[in-house]
Amino acid sequence: MYDVLDSRSVLEVLRPVQDPELRKSLVELNMIRNVKIDGGKVSFTLVLTTPACPLREFIVEDCEKAVKKLPGVTEVSVDVTAETPQQKSLPDRNGVPGVKNILAVSSGKGGVGKSTVAVNVAVALAQTGAKVGLLDADIYGPNDPTMLGLADAEIVVRSTEKGEVLEPAFNHGVKLVSMGFLIDRDQPVIWRGPMLNGVIRQFLYQVEWGELDYLIVDMPPGTGDAQLTLTQSVPMSGAVIVTTPQTVALLDSRKGLRMFQQMNVPVLGIVENMSYFIPPDQPDKQYDIFGSGGGSKTAAELEVPLLGCIPLEISTRVGGDNGVPIVVADPDSASAKALKAIALAIAGRVSVAALT
Ligand SMILES: Nc1ncnc2c1ncn2[C@@H]1O[C@H](COP(=O)(O)OP(=O)(O)OP(=O)(O)O)[C@@H](O)[C@H]1O
């Protein structure tokens, strides 16, 4: 079929290979670059659309199989890198310079594990090599500093030509700015709309976030001022809604979902947390403490994907309290595996939305 083994013939055999999520040719998406031939050895770079690509191995295997079909090929070497696409811009909302995607982690009611999901998803994305920031906008319970092992960190304010800027704290590969760094944890704070508005905008635009693939915003529970400020200020790549299997939590998450939809923020999906309890002394057992199947039912009803279900495990709570998220403390636990899969699913959906 091909007389000579050259970069053109390599690109031609790779042309039918598709990105399974984007359903387009890798060659046409400019994901194959730098093709080199050395005797029978073919090497090239595969540029994925996110370092957290859930189908990385699958795509590499497809490429290798296709190129090995070329006569004369003795070895195929694929160097995998990633370029996360910038989300689509909106005419009425300015993005944050250097930040490619802003994602909200939200919940209809408190205590469902929203911060646990936000922190672990952020760390799991960073573990894949993505550049990640976490903005803790949960003014009523800013737990992210504790969960990320930064309870005693102090935020640095620097004066620059552009005015004062905040330097985020950093741990487990994630940059963090939190209301918790600004308020005295033992003092109740009454936030009025404009004040809250100002702080959220400051956290978006006056923080030295640098280059980020993903800025994850841990929202306060409910559908109040913070949600409005955020969705009206910046273009958002999407929102993830955390719920538990109970009916009340599900009803509340429906409200949250509608709010994002009204603000034209794509809802990437629902995460069901505390889906079932795994006793530490009987890891093969499961108890459906809060019922079962609620997350998938709501997801189906509202026509959004269920991104995953996270069990209730003592080690997840301990990881949060100790500042070592479960995806770091016990990466092989059922919760960590679920959280890592959720992080990859989110990254995959964000790339698809940006490129289609
Ligand atoms: N899957 C889980 N297994 C065990 N414990 C969990 C799990 N998810 C969350 N928790 C624990 O439940 C408590 C509440 O979780 P978290 O703070 O993440 O919820 P939240 O929805 O952000 O709450 P708030 O509305 O107060 O901010 C924490 O102690 C956390 O460690």
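Residues numbered from 1 in each chain as written. Predicted model: local features only at pLDDT ≥ 70, side-chain atom pairs only at ≥ 80, totals over all residues. Heavy atoms only, no water.

(A) Expanded view of the side chain of T229. With respect to the helices and strands, the residue T229 is situated in helix α6 (residues 225–233). Judged by relative accessible area, which is 6%, T229 ranks as buried. Not counting the four nearest positions on each side in its chain, T229 is found in contact with N197, I200 and R201. (Helix = DSSP H or I, 4+ residues; strand = E, 2+ residues; numbered from the N terminus. Buried < 20%, exposed > 50% of the residue type's maximum accessible area, 1.4 Å probe, protein only. Contact = heavy atoms within 4.5 Å.)

(B) Region of the structure containing the sheet that holds strand β5 (residues 75–82). Spatial ordering of the open sheet is given by β3-β4-β5, a layout of three strands whose pairing is mixed. In this open sheet, the two edge strands, each paired with only one partner strand, are β3 (32–38) and β5. Direction aside, the axes of adjacent strands within the sheet are offset by 15° on average. Bridging between strand β4 (residues 41–48) and β5 involves eight bridges; their strand directions are parallel. (Pairing = 2+ DSSP bridges. Axes fitted to C-alpha atoms, helices over the stretch in contact; angles between N-to-C directions.)

(C) Region of the structure containing the sheet that holds strand β11 (residues 174–178). On the basis of which strands lie adjacent, the open sheet formed by eight strands has the order β10-β11-β7-β12-β6-β13-β14-β15 and mixed pairing. Each of the sheet's edge strands pairs with one partner strand only, and the pair in question is β10 (169–171) and β15 (306–312). Sheet twist, expressed as the average angle between the axes of neighbouring strands with direction ignored, equals 25°. Here four bridges tie strand β6 (residues 102–107) to strand β12 (residues 214–218), and the two strands are oriented parallel to one another. Within the sheet, the bridge partner assigned to A104 lies in β12 and is V217. Along the sheet, helix α8 (residues 294–302) contacts β14 (267–277) and β15; its crossing angle with β14, the most-contacted strand, is approximately 160°.

(D) Region of the structure containing the nonpolar core. Core analysis: the biggest nonpolar cluster contains 79 residues, and L125, W209, I216, L230 and I346 have the highest contact counts within it. Top element by residues in this core is helix α3 (residues 114–127). It accounts for nine residues. The contacts of I216, once residues within four sequence positions are left out, are L103, V105, A118, V121, A122, L125, V132, G133, L134 and L135. In this structure, I32, L48, C53 and A66 belong to the second largest nonpolar core, which totals 23 residues. (Core = buried A, V, L, I, M, F, W, Y, C linked by side-chain atoms within 4.5 Å.)

(E) Here's a closer look at the UniProt feature "domain: MIP18 family-like" (unreviewed entry) in the protein chain. When the UniProt feature table is mapped to this numbering, "domain: MIP18 family-like" (unreviewed entry) covers residues 9–78. The distance from the first to the last C-alpha atom of residues 9–78 is 16 Å, and the span holds 27% helix and 33% strand. (UniProt positions renumbered as here; feature names shortened; annotations may be inferred.)

(F) Region of the structure containing the state of the cysteines. Inspection of the entire model under this criterion finds zero disulfides. C53 forms no disulfide, and the closest cysteine sulfur to it belongs to C63, at a distance of 11 Å. (Disulfide = S-S within 2.5 Å.)

(G) Structural view of the pattern of salt bridges. Tallied over the entire structure, the rule returns ten salt bridges. R15 is paired through a salt bridge with E12; the nearest N and O atoms lie 3.4 Å apart. You can call E12 partly exposed: its relative accessible area is 31%. For the salt bridge of E28 with R15, the shortest nitrogen-to-oxygen distance reads 3.6 Å. Of the two residues, E28 is situated in the loop between β2 (24–25) and β3 and R15 in the loop between α1 (7–14) and β1 (18–19); the sequence distance between them amounts to 13 residues. (Salt bridge = Lys/Arg side-chain N within 4 Å of Asp/Glu carboxyl O.)

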